[in-house]
Amino acid sequence: MHALSATSAAAPQTVSISLGDRSYPIVIGTQLLDNPATWADLPRAAAALIVTNTTVGPLYAQRLQAALQGRYAAIHTVVLPDGEAFKTWETLNLIFDALLGHGCDRKTVLFALGGGVVGDMTGFAAASYMRGVPFVQVPTTLLAQVDSSVGGKTAINHPLGKNMVGAFYQPCKVVCDLDTLATLPARELSAGLAEVIKYGPIADMALLDWLEANIDALRAGDPAALGYAVKRSCEIKAHVVGQDERESGLRAILNFGHTFGHAIEAGMGYGAWLHGEGVGSGMVMAAHLSQRLGGVDMPFVARLTRLVQQAGLPTRGAVLDATDNAGRYLQLMRVDKKSEAGEIKFVLIQPPGNAVMRGAPDALVREVVDYCCA
Ligand code: NAD
Ligand code: GLY
């Protein structure tokens, strides 16, 4: 498990997500994008729509289109503006404009080619266009390969809260071509590492050991290390989603660090902090809260903080309000989807390798925010 050769970067591997008639494969490997065989098992249709953005489109859209030639009579592309700030109704409508403008029918297959923003919006468009059309996730960021492309959460943001409008809607396939990560900026690679790290404390402490041993290789873009991180992350996520697709309980553990992180993203203005950066410092804050509630000890908090820092992520929280910072965090976190009747539910570690959902006294949360944002 500790060896970088845990997976061969060249040989595609498949992780299955078991959801009855909505089950699908997650294929992980290299040289997948250009290979027509990658796409040979997709639903037949007259048309396909590749949804991408102004950064990813010029890099990969033509290659995907070439690989799909012969399978679909018409292959259209819509290029969205790039960034979390564009994860909105207005941008979503560009996808519907393209679908309707090209006369696409209800069998049209959508391809989400990009990071989590493109993936979440394409999934939501697929869920609602003509009440549902098939879609394929082709994630090109580490974050999207290890998390957002898997499990069927789709959404757009609202100015008052992150991912507040959306649907559960599963893709019919996820294709993680590790080669696409070669063009990813270092800051985005680090952001993706946050979502890999989270799987350790909530489910697999052996993964945390492996990450500590391989963090430099991951940051250097080593394909074997990245392949293993993507595969292990997808296995853990598939296992959790297979038990609780619609987050009636267990699935919420995947949000470790996200309650604080989403507050930072919304409070700073979407796009100022990357999602993974919010999750990085959010995990440190959630670990401190876990420690104050008896779930973990200080050496564990220090260990997680060190790994977050080594991944190139912030370990301190953002200052969202100069006069009452903790109050602002509490205000934003009450809008979180996990809140019940105004009570914030945190994903906390108890003990390492296991997560629980629970509330915490405001005074304790204030203490943690003040300590972590000092
Ligand atoms: P992103 O989609 O904004 O991508 C990050 C940046 O990298 C963008 O500028 C993008 O254009 C660029 N990029 C993408 N692939 C590239 C490549 N191969 N080479 C060069 N540049 C590339 O951000 P993200 O981190 O991928 O995703 C974050 C989003 O995912 C957030 O909106 C978050 O809410 C969502 N999310 C969803 C889930 C879920 O379960 N649905 C889970 C986690 C996060
Ligand atoms: N990223 C959290 C989830 O998919 O549930």
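Residues numbered from 1 in each chain as written. Chains lettered and ligands numbered in written order. Predicted model: local features only at pLDDT ≥ 70, side-chain atom pairs only at ≥ 80, totals over all residues. Heavy atoms only, no water.

J.: What exactly am I supposed to notice about the packing of helix α11 (residues 325–333) against helix α12 (residues 362–372) here?
T.: Helix packing for two helices is described by the angle between their axes and how far apart those axes are. α12 packs onto α11 with a crossing angle of 120° between their chain directions and a minimal axis gap of 9 Å. It follows from the interaxial angle that α11 and α12 lie oblique. As for the relative orientation of α11 and α12, their crossing is right-handed in sense. The residues of α12 that touch α11, namely those facing N325, A326, G327, Y329, L330 and M333, are D362, V365, R366, V369 and D370. (Axes fitted to C-alpha atoms, helices over the stretch in contact; angles between N-to-C directions. Helix = DSSP H or I, 4+ residues; strand = E, 2+ residues; numbered from the N terminus. Parallel < 35°, antiparallel > 145°, perpendicular 65-115°, else oblique. Left-handed = near helix turned anticlockwise from the far one by under 90°. Contact = heavy atoms within 4.5 Å.)

J.: Explain the site of ligand 1 to me, please; I cannot follow it from the model alone.
T.: Surveying the vicinity of ligand 1 reveals 28 residues, the closest of which are E84, K87, T140, T141 and T183. Measuring from an oxygen atom of ligand 1, one finds a side-chain N or O atom of K162 at 2.7 Å. Relative to its unbound accessible surface of 870 Å², ligand 1 loses 91% to contact with the protein. Breaking the shell around ligand 1 down by element, the ones donating at least two residues are α1 (56–68), α3 (116–128), α4 (142–148), β8 (161–168) and α5 (186–203). The class makeup of the residues in the shell around ligand 1 is seven nonpolar, 11 polar and 10 charged. (Near = heavy atom within 4 Å. Polar contact = N/O pair within 3.5 Å; in protein donor to acceptor, adjacent residues only side chain to side chain. Areas by Shrake-Rupley, 256 points an atom, 1.4 Å probe, with all protein chains shown as cover. Nonpolar A, V, L, I, M, F, W, Y, C, P; charged D, E, K, R; others polar.)

J.: In this structure, what is going on with the nonpolar core? I would like to understand it.
T.: The tendency in soluble globular proteins is for nonpolar side chains to be buried as a group. Among the nonpolar cores identified, the biggest contains 80 residues, and I26, L142, F260, L289, Y329, F346 and V365 are the most heavily contacted of them. Discounting residues that sit within four places of it in the chain, F260 has contacts with G282, M285, A286, L289, Y329, M333, F346, V365 and V369. (Core = buried A, V, L, I, M, F, W, Y, C linked by side-chain atoms within 4.5 Å. Buried < 20%, exposed > 50% of the residue type's maximum accessible area, 1.4 Å probe, protein only.)

J.: Looking at this model, I keep getting lost on the site of ligand 2. Mind explaining?
T.: Surveying the vicinity of ligand 2 reveals the residues D147, K153, K198, K237, E247, R251 and L254. The separation between an oxygen atom of ligand 2 and a polar side-chain atom of K153 is 2.8 Å. Within the side chain of K237, one N or O atom sits 2.6 Å away from an oxygen atom of ligand 2. When ligand 2 sits alone it has 200 Å² of accessible area, and the protein chains cover 90% of it.

J.: How should I be thinking about α12 in this particular structure?
T.: The α-helix advances 3.6 residues per turn, and as a result positions three or four apart in sequence lie on the same side. Those residues of α12 lying buried are L364, V365, V368, V369 and C372. Down the axis, α12 shows its buried residues gathered within 135° of arc, on one side only. Those residues of α12 that are buried are in contact with α8 (258–268), α9 (275–292), α11 and β10 (346–349). (Arc of directions from axis to C-beta.)

J.: I would appreciate a short explanation of the pattern of salt bridges in the present structure.
T.: Where side chains of opposite charge bring their charged atoms close, a pairing between them can arise. One pass over the full model with this rule turns up 22 salt bridges. Residue K87 pairs with D120 through a salt bridge whose shortest N-O separation is 2.9 Å. Here K87 is found in the loop between β4 (74–80) and α2 (89–101), whereas its partner D120 is found in helix α3, with 33 residues between them in sequence. The two residues K87 and D120 agree in class, both being buried. Its salt-bridge partner being E212, residue R303 comes within 2.7 Å of it at the nearest N-O pair. One end of the pair, R303, is in helix α10 (residues 298–310); the other, E212, is in helix α6 (residues 205–219), with 91 residues separating them in the sequence. (Salt bridge = Lys/Arg side-chain N within 4 Å of Asp/Glu carboxyl O.)

J.: Explain the packing of α2 against α3 here, please?
T.: One can describe the packing of α2 onto α3 by two numbers: an axis separation of 10 Å at closest approach and a directional angle of 60°. Viewed along their axes, α2 and α3 adopt a mutual orientation that is oblique. Crossing angle aside, the handedness with which α2 passes α3 is right-handed. On α3, the residues touching W89, T91, L92, I95 and F96 of α2 are M121, T122, F124, A125 and S128. When its residues are assigned to classes, the contact of α2 with α3 shows seven nonpolar, three polar and no charged.

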